[in-house]
Amino acid sequence: MLAPTSLTELQEAIRSHPQVLAVGARTKPRLSQVDDCTLLSMRGLSGITEYQPSEYTFTALAGTPLHELEQVLTEQGQAMPFDPLLSRAGSTLGGATATGLSGPGRFRYGGIRDFLLGLTYIDGTGQPIRTGSRVVKNAAGFDLPKLMVGSLGRFGVLAELTFKVFPAFRARISLQVECTDCHQATERLIEAACSRWELLALDYDPAQKRLLLQLGGPQRALEQIAADIENRWPGDVQPIESCTADTCWETIRTLGLDLTESEQAPTRPTRASQTVVAQVALTPTVVPELEQKLGSMEGVNSHYSVGGNVATLICQQPDNIPPISKLLAELQLVGLVLQGCDAPLWLGTTQPTAIDRAIKTALDPQCRFPSYDIANLQADHVAHH
Amino acid sequence: MNDSLKKLRAIYPADRFLEADAQLAAYASDALTAFHSLPRAVVLPETSEEVIDTVRFCHDQQVAFVARGSGTSLSGGSLPVSDGIVIGLNRLNKILELDSKNRIALVQPGVINLHVSEAAQPYGLHYAPDPSSQQVCTIGGNVAFNSGGAHCLKYGMTANHVLGIQAVLATGEVVTFGGRSRESLGPDTTGLFCGSEGLFGVALEITLRLIPQAGCYHTVLAGYRSLQDAGNAVAQIIASGLLPGAMEIMDALAIEAAEAAVACGYPPGAEAVLIVELEGPHEVIECERETLHTVLASTAAFQTKTAANATERMTIWKGRKSAFSAVGRISPDFIVQDGVVPRLRLGEALQQIGEMADVAKIRVANVFHAGDGNLHPLILYDGREPGALTRAEELAGRILEMCVAMGGSITGEHGVGLEKRDYLGTMFSQHTIDTMQRVRAAFDPRKIANPGKMFPGSDPADSQQATSGLRGLHPLEKAGIISRE
């Protein structure tokens, strides 16, 4: 693995190797598992390059750990509204962007795509491409920054990124809502999502048969709204003590993985590699059917976040991956495998189209970054077994 | 000449295939009224299949096409290409699905922006992006130009509220980007399509994210003796940790015009007014309003007025929303610019605009989204005077260059279009523009989709591009239905 420490070294590394893939802290190990490809560690390109709290924006190098950013923002009473995942595990800003995944708090204002304003990436010729802007509003040129969200390093190497931030909430309150079964939980999930309460986060934990709600704002107002929620479902709503709540949400943000925490050397997940962890994009009304069908499989745990728009699946038995992929395809859902080195990258419906290939060719004509098709062929291969 | 359109004509009944000059004239311009261009024909599809067939015809015959909604583009984005086809999408105006449980709306491109929120209203939901032309502008146009509005700081622009798009690309390929989930996996091609200014193809079905309606509003109008004081107030509000839904500033010339037009009751003698609006659950607003009023009391506001009810709120907004068409009363013609500067440099930017206007001997009124640093200088001119438009455009260009020099953008929400294409290079390197051109070619190798827009002039269609001539207010502006912001 190469570890450039400057933009010049990064450009040179890209120019001098046939195929490269940028990696951050590798907290999502499946995403950096690509054959015949030189890995570029971005950890040496770290640090905030511009931060004006009054502008609600910051610019930082791609290898900057999210927890460092969170610390600096917190000092100024601000936060990243997309609620980054895996930050305590060392996840980086570039890695989070390339993966495109956000935490439970993205329920309120949106995900990483909604707060990315601009970026510089290095293309396959080693040249920088600066797109988007550093101000909170911009409509000039194609929105290449958005295209980079979720691109998994297939178009170029993210070098520097600018994000919009918001004021941090003065207080937070978490509640749990007991539910009798998945159907009732989904009904309540939908009602809460459409409510006037302006929830910050809204998750469903099937194992505990409960919804998890988080509110953010002035303490006095939150207490009043919490009382309104308790009145809506009398007897089923309990406040979660703040320390327990912090642990609870942090566990969700780490996707339930066993992560060894270390400021100096964040390590990769230690969970046995045969445990597959995947994120699935879905809609709340699909939750009961997916949950019911997953329930018949042994060793599969699920958690639903962002008001039922994201499922995290943890599968202890690799044999279950093909049927899970088949099930997702039947429901016309897509899953991305974050951990589980023998699993395909994509689960469910993943058919690259002519335009997907054309975009890839346009941005990476020299094929200096891995293709998507390999991943898709793997997905098809597994699904058909 | 029109024999070559025979196959296209066969797709449509005669009343939906327009080629007489009198019929085409209605499509010759958009809200950038300084330019006009007659297309070769206008087609009015009523089904997605007709749009697809039309695009495939254009691809096969290498005929340029411009998809158009209500023609409210302020950057000339829907200006026809002469000898090209205009695809008028207003009849594709169905809300195909309002899925309140998943909080999404599936709409055709010709659906009017405001109609989405009206349809969602019974479910306690709404569609957040609110360009001031929302009574007439279409979702297809909003998607193409990634439209903004007064609530962008808190809620983002159109792209932030589009979850999925089915489109026919300029190659004739029908594609689906994104889906119905609020989360997407893989490259965000939906986000790329938004703001592509019609250069990729035509959106046929769009999946929109709906959000709950705000529980209540708290709208305050504050009068200041100088623009600088109003700008400082914005900085103080930001520093207080509040996140208002909207923060808007108007200068004296804009106030004067608005007052004359709609009698909005703004503080007499004000050199600037600031509108701040908080929105959210009433419990939260009860707390935040205290903070807001404490902050405003510490600013140089000489008068503060709080809307006591919905009617008073609408009166405050009426002055702001009508400002641009009102300016049309004090000048025969004007250009609206849309640059963005870092919020901290707003005061400096306004001062420089004033100085540049003085040097050019041109009057400029200012109305802007202060929370976003998004300026809307209105450059007043009389198109009947020889060279007046050119001088106004030169001043507009200097303002854009100033925005970029300050680290901002040439456009916050209107798009580059025809109007600002020569300034794209002030923001992006040639290598970056070349990359964007390759992306464009991936969608449209023959450069037939809305050629002549966004990129500095090199398209074959440019030589046939618009000429200036039509002047004055857009008919919809005259009617007070839309305004330029």
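Small disclaimer: the values here were computed from a predicted structure and weren't measured.

(A) Main features of the overall build of chain B. In terms of regular secondary structure, chain B is built from 17 helices and 20 strands. Its C-alpha radius of gyration of 22 Å places chain B within 12% of the 23 Å reference for a compact globule of 485 residues. Reported as C-alpha extents along the three principal axes, the dimensions of chain B are approximately 70 × 60 × 45 Å. Taking all contacts inside chain B whose residues are at least 6 apart in sequence as the whole, residues at least 24 apart take part in 73%.

(B) Layout of the overall build of chain A. Scanning chain A for helices and strands turns up 13 helices and 18 strands. Here chain A has a C-alpha radius of gyration of 21 Å; the compact-globule value for 385 residues is 21 Å, and the two agree. Here the C-alpha coordinates of chain A stretch approximately 65 × 55 × 40 Å along the principal axes. For chain A, buried positions account for 55% of its 385 residues. Looking at chain A alone, contacts between residues at least 24 apart form 66% of all its contacts between residues at least 6 apart.

(C) Main features of the nonpolar core. All names here are of chain B. Within the largest apolar cluster, 267 residues are counted, with the highest numbers of intra-cluster contacts made by F65, L274 and I379. At 7 residues, the largest contribution of residues to this core is made by helix α14 (residues 388-405). Setting aside chain neighbours within four positions, we find L274 in contact with A222, Y224, A230, A233, V234, M247, I249 and A370.

(D) Representation of the packing of helix α8 (residues 219-232) of chain A against helix α10 (residues 282-297) of chain B within the structure. Look at α8(A) against α10(B): their axes get within 8 Å of each other, and the N-to-C directions meet at 165°. The orientation of α8(A) with respect to α10(B), classified from their angle, is roughly antiparallel. In this structure, α8(A) crosses over α10(B), and the sense of that crossing is right-handed. Contact residues: α8(A) offers A:R220, A:A221, A:Q224 and A:I225, while α10(B) offers B:E283, B:V284, B:E286 and B:C287.

(E) Region of interest: the pairing of strand β14 (residues 246-251) of chain B. Residue and element names in this part refer to chain B. Counting buried positions along β14 yields 6 of 6 residues, so the element is predominantly enclosed. Burial of the side chains of β14 extends over both faces: A246, E248 and M250 are buried on one face and M247, I249 and D251 on the other. Summarising the sheet, β14 and strand β18 (residues 364-369) pair through 3 bridges and their orientation is antiparallel. Paired with M250 across the strands is V367, a residue of β18.

(F) A look at the packing of helix α12 (residues 354-363) of chain A against helix α16 (residues 430-443) of chain B. Axis separation between α12(A) and α16(B) bottoms out at 8 Å; the angle between their running directions is 160°. Judged by the angle between their axes, α12(A) and α16(B) are roughly antiparallel. At the point where α12(A) passes α16(B), the crossing takes the right-handed sense. Note on element contacts: α16(B) touches α12(A) through B:T435, B:R438, B:V439, B:A441, B:A442 and B:F443, opposite A:I355, A:A358, A:I359, A:T361, A:A362 and A:L363. Its residues assigned to classes, the contact of α12(A) with α16(B) comprises 9 nonpolar, 2 polar and 1 charged.

(G) Main features of the sheet that holds β18(B). All names here are of chain B. Pairing within the open sheet is antiparallel, and its 7 strands lie in the order β16-β13-β15-β14-β18-β19-β17. Taken across any chain shown, the strands that pair with only one partner, and hence form the sheet edges, are β16 (303-306) and β17 (333-336). Taking the axes of each pair of neighbouring strands and ignoring which way they run, one obtains an average angle of 15° across the sheet. Where strand β13 (residues 216-224) and strand β15 (residues 272-280) come together, 9 bridges link them in antiparallel fashion. Within β15, the residue paired with L221 across the bridge is I275. Across the sheet, helix α11 (residues 310-321) touches β13, β14 and β15, and the angle it forms with β13 is around 55°. Sheet contacts for α14: β17 and β19 (374-381); angle to β19, the most-contacted strand, approximately 160°.

(H) Here's a closer look at the interface of chain A and chain B. Counting residues at the interface gives 64 residues for chain A and 77 residues for chain B. At 7 residues, the largest contribution of residues to the side of chain A that touches chain B is made by α12(A). Across the side of chain A that touches chain B, the residue classes break down as 30 nonpolar, 22 polar and 12 charged.

(I) The arrangement of the confidence of the model for chain A in detail. Residues and elements named next belong to chain A. Chain-level statistics for chain A give a pLDDT mean of 91 and a share of 92% at 70 or above. A low-confidence stretch, residues 261-271 (pLDDT under 50), is modelled with 21 contacts involving residues beyond four sequence positions or located in other chains. Counted against residues more than four places away or in other chains, residues 374-385, with its pLDDT under 50, gives 23 contacts.

(J) Summary view of the environment of B:G110. Residue and element names in this part refer to chain B. Within the element layout of this structure, G110 appears in the loop between β7 (104-107) and α4 (113-120). In this structure G110 comes out as buried when scored by C-beta crowding, with 22 C-beta atoms within 10 Å. Counting along the chain gives 133 residues from G110 to L243, while the straight-line C-alpha distance between them is 33 Å.

(K) Local environment of the sheet that holds strand β5 (residues 85-88) of chain B. Residue and element names in this part refer to chain B. The 4 strands are arranged β1-β3-β5-β4 in an open sheet whose pairing can be described as mixed. The outermost strands of the open sheet, each flanked by one partner alone, are β1 (17-18) and β4 (65-68). The sheet contact formed by strand β3 (residues 41-43) and β5 spans 3 bridges and is parallel. Each residue of the ladder has a partner; that of V43, found in β5, is I87. Running over the sheet, helix α3 (residues 48-61) touches β3, β4 and β5 and is turned about 165° from β5.

(L) The pairing of strand β6 (residues 95-99) of chain B, seen in detail. All names here are of chain B. Two elements, β6 and β7, share 4 bridges in a ladder whose sense is antiparallel. Directly across from E97, in β7, lies its bridge partner L106. The antiparallel hairpin formed by β6 and β7 contains 4 residues in its connecting segment, where R103 sits at a positive phi of about 55°.

(M) Molecular detail of the environment of A:T49. All names here are of chain A. Turning to its location among the elements, T49 is positioned in strand β3 (residues 48-52). Distance in space between the C-alpha atoms of T49 and A329 is 43 Å, their sequence separation being 280 residues. Not counting the four nearest positions on each side in its chain, T49 is found in contact with T59, A60, L61 and E160.

(N) Representation of helix α7 (residues 182-193) of chain A within the structure. All names here are of chain A. Between the first and last C-alpha of α7 there are 16 Å, a value that for 12 residues agrees with the 16 Å anticipated at 1.5 Å per step. What α7 keeps buried is the set C182, A185, T186, R188, L189, I190, A192 and A193. On its buried side, α7 packs onto β10 (171-178), β11 (201-205), β12 (210-217) and α10 (287-295).

Thresholds, definitions, all that
Residues numbered from 1 in each chain as written. Chains lettered and ligands numbered in written order. Predicted model: local features only at pLDDT ≥ 70, side-chain atom pairs only at ≥ 80, totals over all residues. Helix = DSSP H or I, 4+ residues; strand = E, 2+ residues; numbered from the N terminus. Rg over C-alpha atoms; globule rule 2.2 N^0.38 Å. Contact = placed C-beta atoms within 7 Å. Buried ≥ 20, exposed ≤ 12 C-beta atoms within 10 Å, placed from the backbone. Core = buried A, V, L, I, M, F, W, Y, C linked by C-beta atoms within 7 Å. Axes fitted to C-alpha atoms, helices over the stretch in contact; angles between N-to-C directions. Parallel < 35°, antiparallel > 145°, perpendicular 65-115°, else oblique. Left-handed = near helix turned anticlockwise from the far one by under 90°. Pairing = 2+ DSSP bridges. Nonpolar A, V, L, I, M, F, W, Y, C, P; charged D, E, K, R; others polar. pLDDT = per-residue confidence, 0-100. Expected span 1.5 Å × (residues − 1).

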